[in-house]
Every structure is written in structure tokens, then in C-alpha cells.
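Spelled out, the chains give:
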Amino acid sequence: MCSSDLFTLSIDGSKILEFHGFQRELEFDCTLELSLENGQGTGLIDFASWKINDGKPRAASRFSVVQGVRQLFLDDAGIESLDGLKRVVNPPKRHLGNPVLKGEHPWEKASASVYGTMLYDQTKKEFRLWYLCSPAPHESGRKWVEVGGYRRANPTLLAYAVSSDAIHWTKPELNQLTFEGSNKNNLIDIGIDNPEGVSVLFDPQDADPQRRYKAFFWDRRLQPSDDPAGVDEQAAKIPVDPPGMTDTQRAGGMWVAFSPDGLRWKTIGPVLPQGSDTTHTLLFDPVRKKYVGFGRMGFGRTVARTESDDAVNWTPPRLVLSCDGDDGPAGQIYGMPTDLYEGLYVGMFWMYREGTDAKIDTQLAVSRDGKRWQRVAGDRKSTRLNSSH
């Protein structure tokens, strides 16, 4: 467009204002983000429609295929017409040997679940798994357990496993974090108290080798009970709180951590104040040159997005995906693990219907910018997964 182009902003057909645009060539994008200064701040408009150049596409806005990037045809971008074809989502098949990883140790007896991350290490030729685990209540009746030298109530912890085939897993002894007085376990020392939904990103493009691995997760301090039941003389000596914890850290929010190897971590935070009781995703978008995080982040059982230039300073989260009328009044998105593959954001979100049978449908969604999402082929049920969380 040229500098003399005149834009009209209308709401429900009523003209609100007119303004001039300025020339700015953009790569193809199926959406634009528009912000207006209202004198008291900037208000973001999530959805807008417009008519430019009499509705005719400009050459600069035409869809183009980037060399070396495969087209997955999960959406209609770049497709002029369809004749005799339809997009179908085929359900995956369960592995007959499930579950492939179980909570077998005291620190993971209550649960062992992939509110975490699995990556394939090309150098070591092995799968690496960072998974969430929780200990069962202490056999003495004590209302807390010792982890890392102080008392933790109903903690969620981060554990680690490796595998050559993603089926048979080994839990190496890391000797990092004490659990009931012993560090002979596969627990990772990360966060401050209850790290949940730890997303791990291998980031070889970072010039700092100490930041080669990055993590994004929710954490907050759960104050242990002062109930004396089951607390013997030795347990009474265990400190209640970790040293030096601030009120801001205690309140919690979203945290990040950095590591040279994915095992030894330095935690920073909270970097956002919002809570996010779900799994999370941390990605690096090479086109936009931004770190992108997904989770609930204050929006309940939906999907929110935040971004950062340095993985430390994050934008306020924005809602990007929620249930609609076709999902029914009880529909909720419990979480959405997301990947960036062949230029597309691909998410598998967990559809939960509150008050029903507590089972989850996993559905496939896709986005070209991580902000505007659509379900693939109108998919409403890919496969059913049992849920107990």
C-alpha cells in the first residue's frame, strides 16, 4: 500500500474512524495484528477484516513455498481449490505395552506423568524424558516430605529418564536432590518448590553454552502443615522453608531455567505472575526470532501464549484458543502440547468435559503464527485417553 491509502475502521457496520497507512512490505501471513492508540494505552484487536486494493490480492501477499520446507496441508493456506478431496484425521494406535514408564520409587509413587518433555538427542542417539512425579503420603502419617533439605507439601517434582527406543526406559541416579534424606534418585533440582509442566527446549543457536537448554514452567510455594502427626524428633529438625525465599517467589508464577546439558539447572523467576496448572510448551520461532510459550497462564482451562526476545522478559499472556459452542457447555481445554514443524505450529490439545466420565479427547489443531488456531479437518475427537488428573 502507499502512504495515501485510507483505512476505515468500522464496528458492527458503524464507522468509528479513518486513518492513513504507510508502505510496509510483509512476508505472507494469514493474519495481521492491529493495535490502536486510544489515548490511555494500546488496545489490541484480535480479529479484523478489511478490503484492500478492491479485494484483489497483491503480489507481495501471495502464498509462497519456502525452499526446503514441506507443505503438510493441515490447513487451506496456499490451496486454491479442492475437488474430490477431503482432509481426514486418522486416529493414532496405542502401543500395546502401555504404560511404558511407571512410578516405582517412593518419590513417584503417587504419579508419574508426562507433564514434561521428551526430546531425541542426535548426538547420544537416545530419547531423553523430563517427567512430572509426585510422592505418596509419608508412611508415618506426616503431612509433608523432605525434598532438597526442607519440607514440601504435596509436591510435584521433575524426574529424568533415558531410552534408546522410547519404550524401555532407564532412570539414572543423578545425586542432585535429597528425598527423605537420600540423593540416590533421578530427581532434577529445578524451581523452588513445586515445578509443574516443565517444558524443555534444546536451543543450539544460543551462543551462551550455559543456556543451551531452556525450561519454562509453573512453580509456587505450598506451605506445609504444622500438624505434628507423624513428626518424630529427627523430622522435627528439618527446616520448614528454604532459605531466602521472597514473598514474590512464594506467590509464584511462570519460571524459566537454563542449563548446559539439560541436567544441571539455574532457575530464574518468577518471570510472569500468572499461574498455569497444566503442561507447557517452550519453542523458538526462527522466522519471528522469538521464544514462544504456551500454557494456561491466568486464563483457566484454555490455551494462552506469551513471547520473549531472550527467554527471560516475557510479554503479558494472551488467550489464543478456547472451546466453542460445538464443544458443549462443559468443554474445556486441559492443555495443549505444541510443536513447531515445517513452518507450522501443531498442537494436540486435550478436550475435557467437566462433569462427564473424566476421559479426555485429544484433538489436532494448527496455526501459522501461534496466535490464530484452527482444528484440522474440523476434528472433534482424535483418540480417547484415560484421565485421572
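Each remark here, short or long, concerns the structure printed above.
Because the structure is a prediction, the values reported are computed rather than measured.

Observations concerning the sheet that holds strand E14 (residues 266–272)
Then, in step 1: Spatial strand order, E11-E12-E13-E14: four strands in an open sheet with antiparallel pairing. The two strands at the open ends of the sheet, each matched to only one other strand, are strand E11 (196–202) and E14. Across the sheet, the mean angle from the axis of one strand to that of its neighbour is 20°, orientation sign disregarded.
Then, in step 2: Sheet analysis places strand E12 (residues 213–219) next to strand E13 (residues 253–259), joined by seven bridges and oriented antiparallel. Considered in E13, the bridge of phenylalanine 217 is made with tryptophan 255.

Description of the sheet that holds strand E17 (residues 303–308)
Then, in step 1: Pairing in this open sheet of four strands is antiparallel, and the strands run E15-E16-E17-E18 from one edge to the other. The open sheet has two edge strands, strand E15 (281–285) and strand E18 (318–321), and neither has a second partner. Direction aside, the axes of adjacent strands within the sheet are offset by 35° on average.
Then, in step 2: Bridge count for E17 against E18 is three bridges, and the pairing is antiparallel. When the bridges of E18 are listed, valine 303 appears paired with leucine 321.

Some thoughts on the environment of tyrosine 334
Then, in step 1: Residue position: tyrosine 334 is located in the loop between strand E19 (331–333) and strand E20 (338–341).
Then, in step 2: Along the backbone, tyrosine 334 and threonine 362 are 28 residues apart, and their C-alpha atoms lie at a distance of 9.9 Å.

A few points about the pairing of strand E9 (residues 157–163)
Then, in step 1: The buried count for E9 comes to seven of seven residues, which makes it a mostly enclosed element.
Then, in step 2: Burial along E9 is two-sided: Leu157, Ala159, Ala161 and Ser163 and Leu158, Tyr160 and Val162, pointing in opposite directions, are all buried.
Then, in step 3: Here strand E6 (residues 126–134) runs beside E9; their pairing, made up of seven bridges, is antiparallel. Among the inter-strand pairings, phenylalanine 127 is bridged to a residue of E9, identified as serine 163.
Then, in step 4: Between E9 and strand E10 (residues 169–170), which pair antiparallel in sequence order, lie five residues; one of them, alanine 166, sits at a positive phi of approximately 65°.

Quick word on the pattern of salt bridges
Then, in step 1: Under the defined criterion, the tally for this structure stands at 21 salt bridges.
Then, in step 2: Close ionic contact of aspartate 206 with arginine 211 constitutes a salt bridge, the shortest N to O distance being 2.9 Å. Here aspartate 206 and arginine 211 have matching classes, each one buried.
Then, in step 3: Of the charged contacts, one joins arginine 375 and aspartate 324 as a salt bridge, the two residues approaching to 3.7 Å between their closest N and O atoms. Of this pair, arginine 375 sits in strand E23 (residues 373–375) while aspartate 324 sits in the loop between E18 and E19; the two residues are 51 residues apart in sequence, bridging distant segments of the chain.
Then, in step 4: For arginine 375, a relative accessible area of 13% gives the class buried.
Then, in step 5: For aspartate 324, a relative accessible area of 34% puts it in the partly exposed group.
Then, in step 6: Residues joined by salt bridges that share partners form a network here, namely Asp193, Arg221, Asp241 and Arg250.

Remarks on the packing of aromatic side chains
Then, in step 1: Inspection of every chain in the model, using the stated rule, returns twelve aromatic pairs.
Then, in step 2: Between the aromatic rings of tyrosine 120 and phenylalanine 127, the centroid separation amounts to 4.8 Å while the plane-to-plane angle is 55°, which identifies the pairing as tilted.
Then, in step 3: Assessed through its relative accessible area of 38%, tyrosine 120 is described here as partly exposed.
Then, in step 4: For the ring pair tyrosine 334 and tyrosine 352, a centre distance of 5.4 Å and an interplane angle of 65° mean the geometry is edge-to-face. Of this pair, tyrosine 334 sits in the loop between E19 and E20 while tyrosine 352 is found in strand E21 (residues 344–353), placing the two residues 18 residues apart along the sequence.

Notes on the side chain of serine 276
Then, in step 1: Turning to its location among the elements, serine 276 is positioned in the loop between E14 and E15.
Then, in step 2: At 3.1 Å, the side chain of serine 276 and the backbone nitrogen of methionine 297 are in polar contact.
Then, in step 3: In this view, serine 276 contacts Trp218, Met254, Gly295, Arg296 and Met297; residues no more than four positions away in its chain are not counted.

Thoughts on the environment of methionine 348
Then, in step 1: Within the secondary structure layout, methionine 348 lies in strand E21.
Then, in step 2: Residue classification places methionine 348 among the partly exposed positions, given a relative accessible area of 39%.
Then, in step 3: It is 4.7 Å that separates the C-alpha atoms of methionine 348 and leucine 364, two residues lying 16 residues apart in sequence.
Then, in step 4: If we skip the residues at most four places from it in the chain, methionine 348 touches Gly335, Met336, Pro337, Thr362, Gln363 and Leu364.

Remarks on the pairing of E12
The two faces of the sheet receive side chains in turn, since in a regular strand these alternate between them.
Then, in step 1: With respect to burial, E12 is a largely interior element, seven of its seven residues being buried.
Then, in step 2: Here E12 shows two buried faces, one formed by Tyr213, Ala215, Phe217 and Asp219 and the other by Lys214, Phe216 and Trp218.
Then, in step 3: Pairing analysis gives five bridges linking E11 to E12, with the strands arranged antiparallel. Paired with glutamate 196 across the strands is tryptophan 218, a residue of E12.

Conventions and cut-offs
- Residues numbered from 1 in each chain as written.
- Predicted model: local features only at pLDDT ≥ 70, side-chain atom pairs only at ≥ 80, totals over all residues.
- Heavy atoms only, no water.
- Pairing = 2+ DSSP bridges.
- Helix = DSSP H or I, 4+ residues; strand = E, 2+ residues; numbered from the N terminus.
- Axes fitted to C-alpha atoms, helices over the stretch in contact; angles between N-to-C directions.
- Buried < 20%, exposed > 50% of the residue type's maximum accessible area, 1.4 Å probe, protein only.
- Salt bridge = Lys/Arg side-chain N within 4 Å of Asp/Glu carboxyl O.
- Phe/Tyr/Trp six-rings, centres within 6.5 Å; stacked < 30°, edge-to-face > 60°.
- Polar contact = N/O pair within 3.5 Å; in protein donor to acceptor, adjacent residues only side chain to side chain.
- Contact = heavy atoms within 4.5 Å.

Everything listed here is a matter of coordinates, which is why it stays silent on function.
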